[in-house]
Amino acid sequence: MTGSPTKSTVAAWLDERLGWSAIKEFAQHKRIPLHRHTVWYYLGGMTLFCFLVQIGTGILLLLYYRPTAEAAFESVEFIMTDVRFGWLVRSIHSWSANLMLFFAFVHMFSVFFLRAYRKPRELTWVSGALLLFLSLGFGFSGYLLPWNQLAYFATKVGTDILGQIPLIGHWLLTVARGGDEVSGATLTRFFGVHVAVLPMIATFFLVVHLAMVQKQGMSVPIGPSYQNTRTMPFFPNFALRDLVGWTLALGILVLLASIFPWELGVKADPLASAPAGIRPEWFFCFMFQTLKYIPSHVLFMPGELLGIIGFSLGGVALILVPFLDRRAAREERNGLMTAIGCVVILYMAVFTLLAYVR
Amino acid sequence: MTTDDTKTPGGAPISRRGFFDLALGGGVIALLGAILYPLTRFVIPPESPEAVASQVVAAKIGDLTPNSGKIFRFGKDPALLVLTKSGEYRAFTAICTHLDCTVQYRGDLERIWCACHNGNYDLNGNNVSGPPPLPLTQYNVTVRGDQIIVSKA
Ligand code: HEM
Ligand code: FES
């Protein structure tokens, strides 16, 4: 940028002190390859947009929310009915949370099928997988905060599973719940995790994730047809396209929040029976449904334990994908990986659907 | 003039590019407005339907000894009931006119006193020394049976 004399003086002044041109170079060197899969490069940005919306609306909700068993439900009710645009802010927070997880999953699978995790982007993938787990943590901890009947029981079931782990299970359960039972103490803990612990950790990994993407630039799929494709500068060309997408996403969010404002349900009552049709949020459903199908005992093991071990191994495998796929690291296609990805998507889709139709 | 140019109703030329710049700029401003308006409305808390009491039972006969005072709640604010040495009840707002601290009755000074910056009011609520700029608002006191009732003047 040549611009006006003052502008270049300021730039020179900053450059001497901060290495401005290096920062500018870092911001501007990235180019977006243009090919028939370019559209998938928007998905991470969409997830990022939802995350930013979560921070904004989350801070707003904090102005009125009260994290105690006595006041939580009433404070959310107050937000929904008395605070001007409170219904909108809360509904956007809930919808954007769900969209964020949806986009994170689509982003992950697109990155998976395009083999964008292969050398040198292994750590970008690892940080992404951690972000996905953190996002699930946001979903789980946030679900309890309105302190309604559904959330209460979902949390009871969700934390109960921890207790099945041998040796440390009971300890884990007590730490998660702040006692033996889901109570006001659980709510206060989940609140702290949801608004302080997870945002801090997630922001850290997000910065790492984005810095690596920025440094390495976008990967192109394996194969000769993707070599030497045309490119476009990320800044400003692609970033502006991102912005158009974000504006569209904001419109959709507001539309969803207005047409389907988020339900509040009835206040949690620890002495009431669990309502029929209880199930966790959709992104946990495939695991929840799987646990339902595992018999109560498999060989010498309780069924839940088997389920937990299975999903933990699945999580570890997810993190290790770039290191398991040795062929992609050599720039070779790997049909087995694609097949595994398809099976996993099919399994998740079918089991999620089953949780809704049964 | 190029073929891109058209005329506005006023006759001034506006280029195609100018038109799109205007539309984009207007759109961005409208979008920002649509975000900022609900945001500011949300941040301003709704009025709490706090009962705006016009009278309240401040104390019972015998609660106070002469030359003492008592803070009571009047609506959502604190107020001060004083029983003077001569046995007369008086009531004031307890909110200091300086910086909103809650005042108290000092028997040793026979004055209403604010601890925050050593403000003094006499028994008519007049600010007599220290930083308070205005007198304390006085309320009416009536005694009905054994109830001391305070009402807004
Ligand atoms: C909170 C969640 C996440 C956010 C906000 C996020 C954000 C982003 C953004 C903005 C990009 C650059 C644009 C793009 O490729 O779409 C990106 C790239 C990438 N992400 Fe994520 N991401 C998240 C989760 C994940 C997950 C769950 C994974 C996989 C486990 C992942 C793996 C990657 C990889 C490997 C790239 C590089 C893609 C390439 O170079 O083509 N990310 N991410
Ligand atoms: S607030 Fe009472 S004297 Fe300053």
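Residues numbered from 1 in each chain as written. Chains lettered and ligands numbered in written order. Predicted model: local features only at pLDDT ≥ 70, side-chain atom pairs only at ≥ 80, totals over all residues. Heavy atoms only, no water.

**Q** Now, about the overall build of chain A: what can you tell me, with residues and values included?
**A** Counting secondary structure elements, chain A contains 14 helices and four strands. Taken over the C-alpha trace, chain A has a radius of gyration of 23 Å; the compact-globule value for 358 residues is 21 Å, and the two agree within 12%. Taking the principal axes of the C-alpha coordinates as reference, chain A spans close to 70 × 55 × 40 Å. In chain A, which comprises 358 residues, the share counted as buried stands at 43%. The long-range share in chain A, meaning contacts at least 24 apart out of those at least 6 apart in sequence, stands at 77%. Accessible surface for chain A amounts to roughly 19300 Å². Of this, 72% is attributable to carbon and sulfur atoms. Computed over 27 positive and 19 negative side-chain charges, the inter-centroid distance for chain A is 12 Å. (Helix = DSSP H or I, 4+ residues; strand = E, 2+ residues; numbered from the N terminus. Rg over C-alpha atoms; globule rule 2.2 N^0.38 Å. Buried < 20%, exposed > 50% of the residue type's maximum accessible area, 1.4 Å probe, protein only. Contact = heavy atoms within 4.5 Å. Areas by Shrake-Rupley, 256 points an atom, 1.4 Å probe, with all protein chains shown as cover. Lys, Arg positive; Asp, Glu negative; His and termini not counted. Charge placed at Lys NZ, Arg CZ, Asp CG, Glu CD.)

**Q** How would you summarise unusual backbone geometry if you had to cite specific residues and measurements?
**A** Residue and element names in this part refer to chain A. Lys-119 connects to Pro-120 through a cis peptide bond whose omega is 10 degrees. Following Phe-235, the chain continues to Pro-236 via a peptide bond in cis, the omega torsion being 0 degrees. Of note, Pro-236 is situated in helix H10 (residues 234–259). The residue Arg-115 is not glycine, and still its phi comes out positive at about 60 degrees. Structurally, Arg-115 can be placed in the loop between helix H5 (86–113) and helix H6 (122–144). Exposure remark for Arg-115: the relative accessible area of 5% places this residue in the buried category.

**Q** Residue-level account of the packing of H5 of chain A against H6 of chain A, with values.
**A** All names here are of chain A. Packing of H5 against H6 brings their axes to within 10 Å, and their N-to-C directions diverge by 155 degrees. Taken together, the axes of H5 and H6 lie roughly antiparallel to each other. As for the relative orientation of H5 and H6, their crossing is left-handed in sense. Where H5 abuts H6, its residues Met-100, Leu-101, Ala-104, Phe-105, Met-108, Val-111 and Phe-112 lie against Trp-125, Leu-132, Ser-135 and Leu-136. Across the contact of H5 with H6, the residue classes break down as ten nonpolar, one polar and no charged. (Axes fitted to C-alpha atoms, helices over the stretch in contact; angles between N-to-C directions. Parallel < 35°, antiparallel > 145°, perpendicular 65-115°, else oblique. Left-handed = near helix turned anticlockwise from the far one by under 90°. Nonpolar A, V, L, I, M, F, W, Y, C, P; charged D, E, K, R; others polar.)

**Q** Any chance you could break down helix H7 (residues 149–160) of chain A for me, citing the residues and the numbers?
**A** Within an α-helix, residues lying three or four positions from one another point in the same direction, as the helix has 3.6 residues per turn. All names here are of chain A. Compared with the 16 Å implied by 1.5 Å per residue over twelve residues, the 16 Å span of H7 between its first and last C-alpha is a close match. Gln-149, Ala-151, Tyr-152, Phe-153, Ala-154, Thr-155 and Thr-159 are the residues of H7 that are buried. Elements in contact with the buried residues of H7: H6, helix H8 (169–177) and helix H9 (184–216). (Expected span 1.5 Å × (residues − 1).)

**Q** Can you tell me about the sheet that holds strand E3 (residues 55–60) of chain B, naming the residues and giving the values?
**A** Residue and element names in this part refer to chain B. Pairing is antiparallel in the open sheet, where six strands are placed in the order E3-E12-E11-E6-E5-E4. The open sheet has two edge strands, E3 and strand E4 (68–74), and neither has a second partner. Averaged over all pairs of adjacent strands, the angle between strand axes in this sheet comes to 30 degrees, irrespective of strand direction. (Pairing = 2+ DSSP bridges.)

**Q** Requested: an account of the pattern of salt bridges, with residues and values cited.
**A** When their charged atoms lie close together, side chains carrying opposite charge are able to pair. Residues and elements named next belong to chain A. One pass over the full model with this rule turns up ten salt bridges over all chains. Its salt-bridge partner being Glu-181, residue Lys-156 comes within 2.9 Å of it at the nearest N-O pair. Note that Lys-156 is positioned in helix H7 and Glu-181 in the loop between H8 and H9, a separation of 25 residues in sequence. Under the relative-accessibility criterion, Glu-181 is labelled partly exposed at 44%. Residue Arg-330 is joined to Glu-332 by a salt bridge in which the shortest nitrogen-to-oxygen separation is 3.3 Å. With a relative accessible area of 29%, Glu-332 lands in the partly exposed category. Overlapping salt bridges, with partners in common, bring together Arg-327, Arg-330 and Glu-332 in one network. (Salt bridge = Lys/Arg side-chain N within 4 Å of Asp/Glu carboxyl O.)

**Q** Just give me the short version of the site of ligand 1, but keep the residues and values in it.
**A** Residue and element names in this part refer to chain A. Close to ligand 1 lie 26 residues; Gly-44, His-107, Gly-128, His-209 and Met-218 are nearest. One nitrogen or oxygen atom from the main chain of Gly-44 is found 2.9 Å from an oxygen atom belonging to ligand 1. Ser-219 places a polar main-chain atom, nitrogen or oxygen, 3.1 Å from an oxygen atom of ligand 1. Only helix H3 (43–62), H5, H6 and H9 provide two or more residues apiece to the shell around ligand 1. No other element matches the seven residues that H6 contributes to the shell around ligand 1. When its residues are assigned to classes, the shell around ligand 1 shows 15 nonpolar, ten polar and one charged. (Near = heavy atom within 4 Å. Polar contact = N/O pair within 3.5 Å; in protein donor to acceptor, adjacent residues only side chain to side chain.)

**Q** Which residues make up the coordination of the iron atom of ligand 1, and what are the values?
**A** Residues and elements named next belong to chain A. The coordination sphere of the iron atom of ligand 1 contains the protein donors His-107 (NE2) and His-209 (NE2), at a distance range of 2.0 to 2.1 Å. Metal-centred angles of 85 to 179 degrees between the six donor atoms at the iron atom of ligand 1 mark the site as octahedral. One end of the pair, His-107, is in helix H5; the other, His-209, is in helix H9, and 102 residues separate them in sequence. On the accessibility criterion, His-209 (13% relative accessible area) is buried. (Donors = N, O, S within 2.8 Å, 3.2 Å for Na, K, Ca; no water. Tetrahedral: all angles 85-135°; square planar, octahedral: opposite > 155°, others 65-115°.)

**Q** Could you give an account of the domain arrangement of chain B, naming the residues involved and the relevant values?
**A** One can read the domain layout of chain B as domain 1 (14–48) and domain 2 (55–151). Once you take the C-alpha centre of each, domain 1 of chain B and domain 2 of chain B turn out to be 51 Å apart. (Domains from an automatic or database assignment.)

**Q** Please provide a residue-by-residue account of the nonpolar core, values included.
**A** All names here are of chain A. With 25 residues, the main nonpolar core has Phe-49, Phe-51, Ile-92, Leu-99, Phe-103 and Leu-253 as its most contacted residues. Listing elements by their share of this core, those giving two or more residues are H3, H5, H6, H9 and H10. Look past the residues within four positions of Leu-253 in its chain and what remains in contact with it is Phe-49, Val-53, Ile-92, Trp-95, Ser-96 and Leu-99. Formed by 23 residues, the second largest nonpolar core is a distinct cluster that contains Ala-104, Val-111, Leu-136 and Phe-286. (Core = buried A, V, L, I, M, F, W, Y, C linked by side-chain atoms within 4.5 Å.)

**Q** Report on helix H1 (residues 5–18) of chain A, specifying residues and quantitative values.
**A** The end-to-end C-alpha distance of H1 of chain A is 20 Å, a good match for the 20 Å that 14 residues give at a rise of 1.5 Å each. The positive-phi residue at the C-terminal boundary of H1 of chain A is Gly-19 of chain A, with phi of around 70 degrees.

**Q** Outline the sheet that holds strand E8 (residues 111–114) of chain B, listing residues and values.
**A** Residue and element names in this part refer to chain B. Read from one edge of the open sheet, four strands run E7-E8-E9-E10, paired in antiparallel fashion. One side of each edge strand has no neighbouring strand; the edge strands of this open sheet are strand E7 (104–106) and strand E10 (127–129). Adjacent strand axes in the sheet meet at a mean angle of 40 degrees, parallel and antiparallel pairs treated alike. Pairing geometry for strand E9 (residues 119–121) and E10, over two bridges, is antiparallel. Residue Tyr-121 lies in a different strand from E10, and its bridge partner there is Asn-127.

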